[in-house]
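Summary of the model geometry
Spelled out, the chains give:
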There are 2 protein chains.
Amino acid sequence: MEDLHVIGKSVRRVDALAKVLGKAVYSDDLVLPHMLYGKALHSSYPHARILKLDVSKAKELSGVHAVLTAEDAPNNKKYHRTGDTWVLADGEVRFIGDIVAIVAAKNEEIAEEAIRLIEVEYQPLPVVAYIKEALTADNLTRNDKSDNIAMSFNVSRGDVESDFEKAEVFVTHRYIFPSLHQLHLEPNSATAVYGLGKLTVYCGSQVWFRTRHELAKITGLEEENVIVKAMEIGGAFGARNEQIVPILAGLLAVATKRPVKFTNSRLEEFLATRPSVGMEIELSMAADRDGRLLSKKAKVFADFGAFTSDSDAVLGIASLRADNNYNFRSVYVESVGLYTNHTPTSAYRGFGNPQMHFALESLIDELAGKLEMDPTLVRSKNFIKPNQTGIHGYQVTSCGLEECMAKAKELINWDERIKNKPPGKGLGVAALVHVSSSRAGEPEFAGSCSMLRLDSNRKFTVFVGECEMGQGACTVMAQIVAEEFGISPQDVTVVMGDTDLTPFSTGTHGSKLATNLGNSMLFACKEVKEKLTKCIREHLGTGPVDIKDGNIVGSYTGEFLMTLAEGVERACYANSGCPFIGLGIFEPKTVMGDRTGYGHIAPTYSFGIQMAEVTVLENGHYTIDKLISVHDIGRVINQQMALGQVYGGVMQAVGCTSMEDLSVNKEGIYQANTLLEYKPPTILEMPELFGGFVETIDPYGPYGAKGIAECPNISVAPAVTNAIYNACGLRFDDIPVTPIKIHQKMIEAKGNKGKESPR
Amino acid sequence: MEDLHVIGKSVRRVDALAKVLGKAVYSDDLVLPHMLYGKALHSSYPHARILKLDVSKAKELSGVHAVLTAEDAPNNKKYHRTGDTWVLADGEVRFIGDIVAIVAAKNEEIAEEAIRLIEVEYQPLPVVAYIKEALTADNLTRNDKSDNIAMSFNVSRGDVESDFEKAEVFVTHRYIFPSLHQLHLEPNSATAVYGLGKLTVYCGSQVWFRTRHELAKITGLEEENVIVKAMEIGGAFGARNEQIVPILAGLLAVATKRPVKFTNSRLEEFLATRPSVGMEIELSMAADRDGRLLSKKAKVFADFGAFTSDSDAVLGIASLRADNNYNFRSVYVESVGLYTNHTPTSAYRGFGNPQMHFALESLIDELAGKLEMDPTLVRSKNFIKPNQTGIHGYQVTSCGLEECMAKAKELINWDERIKNKPPGKGLGVAALVHVSSSRAGEPEFAGSCSMLRLDSNRKFTVFVGECEMGQGACTVMAQIVAEEFGISPQDVTVVMGDTDLTPFSTGTHGSKLATNLGNSMLFACKEVKEKLTKCIREHLGTGPVDIKDGNIVGSYTGEFLMTLAEGVERACYANSGCPFIGLGIFEPKTVMGDRTGYGHIAPTYSFGIQMAEVTVLENGHYTIDKLISVHDIGRVINQQMALGQVYGGVMQAVGCTSMEDLSVNKEGIYQANTLLEYKPPTILEMPELFGGFVETIDPYGPYGAKGIAECPNISVAPAVTNAIYNACGLRFDDIPVTPIKIHQKMIEAKGNKGKESPR
């Protein structure tokens, strides 16, 4: 293992050149002959009955090829596994951004004019604007439901009541984590082409095959007649799991039999995609006086928006995952998914895990305060250990939490700084656990499949059904092939995502590619190596041969016989031109979660420690001075790219911790629909940032690797709020923490002086 | 075998709908953003020294991105296996149409203007205009050679001199078969894109991988960095074996780093592609009084034009192939390929075989006349038989010559008509032999490779590196898959030709696809069936299963378990999304021709009989009233498509027999450069036409099938000229036979009355 020549190196991204030179083709770059342009009419009411919808004037406009409403889309409600989505509003509109009609016209101006010519009469209905309201109010989010509860479940493990009785220290709090936008820079765009009974859609997606499936359902075509072609992707972060835009383009293409491009404006990205699931979490925890965590009780209220999307799965993760970091004896959770008149919510990097980590890691900090213990120590005492099984069934293999804590403390100089803390400065810590892949997708299977192909042109081509959305999967796959064959990653061509060319995949989520896809890639390499060496032996008149450092060498002599490239070319020609194809399947020994979510849902798990140092001024302004983000992701395949993931994830989390908020006012109207109002952080807001890795070599990951993708986003918020508390003695249970909130709390605190004080 | 459900049926072409609806995308249909347009400056001299070539004004023209001459193309002469071609004229021009410079500009008008601004000063050089001149004249076609002989060889089998001594009847004649244009309707067009070190060329080709190879050689790129993407093809007939246009587009794209489209005008198609090899053949034959053919002597002079292209192979075929129809005891041939200042010549449907068939089948007719035997009888007496080995080593398996003759005679009512022949009417007959595939390509191997893929979308996709150029290969592949799986051919998607997606192939020529590719397809089906049934058995909990009539059934019970589509989908998902891929290799037991061309060069051979009935008027005008074209192509896979091949091939042959001629005058100037002047036949010229098949079931063909593609074009000319002789007593040894030629000969004949008369 130790003589790896490419794995572990910061090799250049194989897609770097195309991207920096502007050669990469993104969805909206595509221009096809005779292409039409699609536009949508969105509801500006959060909730209203449609009394009249007249598209006749729009249809009559010259240059308009189609105007579609729910009436024209008989499978309108077949979109999404839950069957709870109207792609086109039927009878009523249920959120601002709900789509009332779509238009295809020969240019964008005509399409927009047609949108203006659509006559709609609305009767406004009462609005459910807040989670709290949803549970208690008489108002209904949707007139087809008798209450606002979309989903609810309780999970109990161990004897919670008894543990709470036995415990000596208790903490309890209510936390608010708002809905956030994933804010990928590239707006959704898709171009659909329909002809001869086949629909081809060019778009970016995290889930090519799911997008194919959804397109088939909604257009009524057989899946074999729908093709999704992969375009470059300008960020996803969960937002391209559920895509409306390819569906709209597909419907319009089928209706017009012309290519149709549909590109969202930034406003549409805010209103009519699928932002993250806002949550309110009531959390209680019980511990003994030594700081041993005994039990935890939680009530989770999740804002599903107007439809149930993947929010149901997000709520499941939020309810259970964070518990697996610690050896709780018992836990209880009561979870409710609620309908509100918001844009439906869904996946965002971390998939519900940041929400609960914010609550849990804040409350552990509070517990440490009560115990007058160092918060790093309380955590360390309770960490899950390698080869233990978590309370929800996760069979942990490698676990470097202790080492991550030690490294993070060293990087921030914790022990020294916490003792000699200058006034206004504060340190905070938070731990995290996440899956490296998880069972998901439709149909359900945990595996991945990769295809490697060697051809007469000496080319190594990887075909995988997953997506490169900037995370670097493309390069990781190239590195694995390069490692196995002793060649350069730049010599490997990676085709990711074309439903006609790549093997089926369940989609790119759950930080799964390095482990799941990586393992399958290893097996594909193995198969090709066997076939190639066999063919060389049998057809080129050599004895047994091996592949070594990009050459074909004698198995026993180690003697150079020919270069690998030459061997590939000659063997292929000797074999009647037949390519060498390896199909690698990785089927991890996971256990599907049971009815209560108990299961071993990932081949392995990643862990991490994040720390923050802040300065809080007396006027409430504060700066995040330093962030430490140390991760146990097993073998680091590419240090530079892994650090890229850390920087990006932390940056996003800094945004949600201190600035971003997709909130509505009491009329249900969004308070931020532009990048200026929504205020994501810029480079000026970035703290000094140290990423680090603890390389536990995991027995189930390829070369010992685990996933990194979502981890850095998971526990930045509690690390920062804990640091703010450490700096100024004020605890924030809702994010974003803005200077104005701090200032208000400072004023309140002065009124209550003495009730609570910082360590 | 007898319960075939799709093979043998006239199923609809799988590409029919796209073509008739105008949805098929041909090369020139492609429009890419920022695309430039290429144009060429051609020589209008058949032979001249370039004294000055100044492109500076052209380069200065606004909108011009590149002007390239031989100087800018260091690998200019690496094109083609023979290394005998200058893509861009270097120092001298050697034929009218020789390319002096190429230009890429932002539109066609500017490109044309740039062409006009190129200043060239020529010093005309003596011209070699005719084959006869080439051998004897002092003039040289090319100043880099010391004579005009491009190639020469002699082949002798048996004791020719002794057989001629023993023989009782002799005939001898000199035949002229002119150069012809393949006249595919779609002019050559290619669009090349260069970026990030990779060159992608979109074009039509019969030889995708050879085009890739040529592009790599001439641009200096590695083959792995060159991709040829298949566009629809509007006819090929051998003309897309050697392609200049993709090379020009490729050179310009590399030079400009912009997409470049290059589309030939019809004039360029005539002057600057690769028409067929014109030949003059001196033939003598010796027989005994019973009509047994003893020996044959031939001298073949072939017009290679200015460069040796595939003309060398064409001359090889012309020299040997036709002999295999008959049991000659000895043959001798002396073949010379000659340089002339014509456009270089190359492949055309039949690949040299029509040239020699014209001579041989005419001379056998003359022999029959001398023997006063029915010409069908002379042939039948001498036909090669099943399981015999021809004089050049062809190991004949199935051979239906006798049956073809019987069927043709019946169709034209030969015995009756020949006895009671009305004045001015005549009947003629000619036999033919051709390969079903032959060893060709670079590198040399005789096999084919097919890939079949079944995916989670239940789709059957065939990937093959050969081309669909209208002949119907696409449908034949779909029929084979459909037959093997009990599904409809319309459910099979066939991807033909994309050098990155399809297995390597040596190219589509030699009537090889039905046998070679078809067999490999069968093996690919077999592999997929095995993998699929194994997976269903192992993963879906069934016992052993078979595939029957599009369903999965129990192996022992025959009971229906699930549809095949369902089985594919479920098995794929159960197998972690892994597709089922079958790679079929067919390696026929052929024997490469030795130095003298002796070998068994095809897996099997096709045979046929063609007959004509003509009316010759006293003024020399004549009509071909009826053509009979009966072929032994083993199992007929698709009757309608096979008849389509017959109609098309016969139509082309009618053109060359009666109208077409790509001749030059003594200055070397082409006499026909437009469709109007070149005069191909229209539907008005088409005779009543009866195609028929004799289904010998060949042991080496898939389901017993052999190739048809080139056969119908091979022996129409001698059938017609033999019929003309039968009608008016005039024998024509040069085609096309025009009314004016007949009229002239009638006048001459009146002068020589009595010397020769019709049977």
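All figures in this text were calculated on a predicted structure; none of them were measured in a lab. (Residues numbered from 1 in each chain as written. Chains lettered and ligands numbered in written order. Predicted model: local features only at pLDDT ≥ 70, side-chain atom pairs only at ≥ 80, totals over all residues. Heavy atoms only, no water.)

What follows concerns the packing of aromatic side chains. Applying the stated criterion to the full structure yields 28 aromatic pairs over all chains. Judged by centre distance (5.7 Å) and plane angle (55 degrees), the ring pair of Trp86(B) and Phe307(B) falls under tilted. Residue Trp86(B) is found in the loop between strand E3 (64-68) and strand E4 (92-93), and its partner Phe307(B) is found in the loop between strand E14 (293-305) and helix H9 (311-320); the two are separated by 221 residues along the sequence. Here the two residues Trp86(B) and Phe307(B) agree in accessibility, since each one is buried. For the ring pair Phe177(B) and Phe358(B), a centre distance of 6.1 Å and an interplane angle of 65 degrees mean the geometry is edge-to-face. Pair noted here: Phe177(B) is in strand E8 (residues 169-177) and Phe358(B) is in helix H10 (residues 353-371), with a separation of 181 residues, a long-range link. For Phe177(B), a relative accessible area of 4% corresponds to the buried category. Its relative accessible area of 0% is what places Phe358(B) among the buried residues. Three or more aromatic residues joined by ring pairs make a cluster, and in this case those are Trp86(A), Phe95(A) and Phe307(A). (Phe/Tyr/Trp six-rings, centres within 6.5 Å; stacked < 30°, edge-to-face > 60°. Helix = DSSP H or I, 4+ residues; strand = E, 2+ residues; numbered from the N terminus. Buried < 20%, exposed > 50% of the residue type's maximum accessible area, 1.4 Å probe, protein only.)

This paragraph deals with unusual backbone geometry. Each neighbour pair has its own omega, and for Ile735(A) with Pro736(A) the value is -5 degrees, a cis peptide bond. Within the secondary structure layout, Pro736(A) lies in the loop between helix H19 (716-728) and helix H20 (739-751). One non-glycine residue with positive phi stands out, namely His34(B), at about 65 degrees. Tracing the backbone through its elements, the reader meets His34(B) in the loop between helix H1 (16-20) and strand E1 (36-42). Residue classification places His34(B) among the exposed positions, given a relative accessible area of 60%. Although it is not a glycine, Phe237(B) adopts a positive phi angle of roughly 60 degrees. Here Phe237(B) lies in the loop between strand E11 (226-230) and helix H7 (245-256). Accessibility expressed as a relative area gives 28% for Phe237(B), which makes it partly exposed.

Once that is clear, we can look at the packing of helix H11 (residues 375-382) of chain B against helix H12 (residues 401-412) of chain B. Residue and element names in this part refer to chain B. Between H11 and H12, the least distance of the axes is 10 Å, while the angle of their chain directions is 165 degrees. Judged by the inter-axis angle, H11 sits roughly antiparallel to H12. For the element pair H11 and H12, the recorded crossing hand is left-handed. Taken together, the residues of H12 that come into contact with H11 (itself represented by Thr 376, Arg 379 and Ser 380) are Glu 402, Met 405 and Lys 409. Class assignment for the residues of the contact of H11 with H12 results in one nonpolar, two polar and three charged. (Axes fitted to C-alpha atoms, helices over the stretch in contact; angles between N-to-C directions. Parallel < 35°, antiparallel > 145°, perpendicular 65-115°, else oblique. Left-handed = near helix turned anticlockwise from the far one by under 90°. Contact = heavy atoms within 4.5 Å. Nonpolar A, V, L, I, M, F, W, Y, C, P; charged D, E, K, R; others polar.)

Residue and element names in this part refer to chain A. What the domain assignment lists for chain A is domain 1 (16-23 + 447-586), domain 2 (31-125 + 188-263) and domain 3 (278-439 + 594-749). For domain 1 versus domain 3, the separation of C-alpha centres amounts to 38 Å. Between domain 1 and domain 3, the contact holds 18 residues from the first and 20 residues from the second. At the boundary of domain 1 with domain 3, total buried surface from both sides reaches about 1,400 Å², with 60% on carbon and sulfur atoms. Interface area lost by domain 1 to domain 3 is led by Gly 510, Ser 511 and Thr 515, which between them contribute 36%. At the junction of domain 1 with domain 3, the criterion picks out zero salt bridges. Our enumeration of links across domain 1 and domain 3 arrives at 10 residue pairs in polar contact (both at pLDDT 80 or more). (Domains from an automatic or database assignment. Buried area = accessible area lost by both parts, 1.4 Å probe. Salt bridge = Lys/Arg side-chain N within 4 Å of Asp/Glu carboxyl O. Polar contact = N/O pair within 3.5 Å; in protein donor to acceptor, adjacent residues only side chain to side chain.)

Once that is clear, we can look at the nonpolar core. Of all hydrophobic cores here, the largest spans 116 residues; its most connected members are Leu283(B), Ile609(B), Met611(B), Leu627(B), Val720(B), Ile724(B) and Ile742(B). Tallying contributions element by element places H10(B) first for this core, with nine residues. Among the nonpolar cores identified, the runner-up in size contains 115 residues, and Ala287(A), Val429(A), Phe607(A) and Ile628(A) belong to it. (Core = buried A, V, L, I, M, F, W, Y, C linked by side-chain atoms within 4.5 Å.)

With that out of the way, let us pick up the sheet that holds strand E25 (residues 622-632) of chain A. Residue and element names in this part refer to chain A. Strand order across the open sheet formed by four strands is E16-E24-E25-E26, with mixed pairing between neighbours. If you trace the sheet from one side to the other, it starts and ends with strand E16 (425-436) and strand E26 (688-693), each paired once. In this sheet, neighbouring strand axes are inclined to one another by 15 degrees on average, regardless of whether the strands run parallel or antiparallel. As judged from the 10 bridges shared by strand E24 (residues 604-616) and E25, these two strands associate in the antiparallel manner. Across the sheet, Val 616 pairs through a bridge with Tyr 622, a residue of E25. Set on the sheet, H19 makes contact with E16, E24 and E25; between it and E16 the angle comes to about 160 degrees. (Pairing = 2+ DSSP bridges.)

On to the pairing of strand E2 (residues 48-54) of chain B, then. Residue and element names in this part refer to chain B. Direction of pairing for E2 relative to E4: antiparallel, over a ladder of two bridges. Counted as the bridge partner of Ala 48 is Val 93 from E4. The pairing of E2 with strand E6 (residues 119-124) spans six bridges and is antiparallel. Within E6, the residue paired with Leu 53 across the bridge is Val 120.

Screw-axis analysis of chain A against chain B gives a translation of 0.1 Å along the axis, an RMSD of 0.1 Å, and a rotation angle of 180 degrees. Taken together, these values place the two copies in the relation of a two-fold axis. A shared interface surface links the copies, since 100% of the contact residues of chain A are contact residues in chain B too. (Least-squares fit on C-alpha atoms with pLDDT ≥ 70 in both.)

Right, let's get into the interface of chain A and chain B. Listed per partner, the contact involves 44 residues of chain A and 44 residues of chain B. Summing the contributions of chain A and of chain B, the shared interface buries around 3,700 Å²; its carbon and sulfur component is 57%. On the chain A side of the contact with chain B, Leu196(A), Glu224(A) and Ser576(A) bury the most area, a combined 17% of that side's loss. Linking chain A to chain B there are two salt bridges. The residue Asp500(B) makes a salt bridge to Lys459(A) at a minimum N-O spacing of 3.0 Å. Of all the secondary-structure elements, those providing two or more residues to the side of chain A that touches chain B are helix H1 (16-20), strand E9 (189-195), helix H6 (208-219), strand E17 (448-454) and strand E23 (580-586) of chain A.

What follows deals with the confidence of the model for chain A. Here chain A shows a mean pLDDT of 95. Residues at 70 or above account for 98%. Predicted complex, confidence summary: ipTM 0.91, pTM 0.94. (pLDDT = per-residue confidence, 0-100.)

Here the focus is a nonpolar patch on the surface. Side chains of Leu17(A), Val20(A), Leu21(A) and Leu196(B) sit close together on the surface and give an oily, nonpolar patch of about 380 Å² of accessible area. For Leu17(A), the position within the fold is in helix H1. Exposure remark for Leu17(A): the relative accessible area of 38% places this residue in the partly exposed category. (Patch = residues over 30% accessible without salt bridge, like charges linked within 9 Å, V, L, I, M, F, W, Y side chains within 5 Å. Areas by Shrake-Rupley, 256 points an atom, 1.4 Å probe, with all protein chains shown as cover.)

Where burial is concerned, most of H11(B) is hidden: six out of the eight residues are buried. Where H11(B) is concerned, the buried positions are Pro375(B), Thr376(B), Val378(B), Arg379(B), Ser380(B) and Asn382(B).

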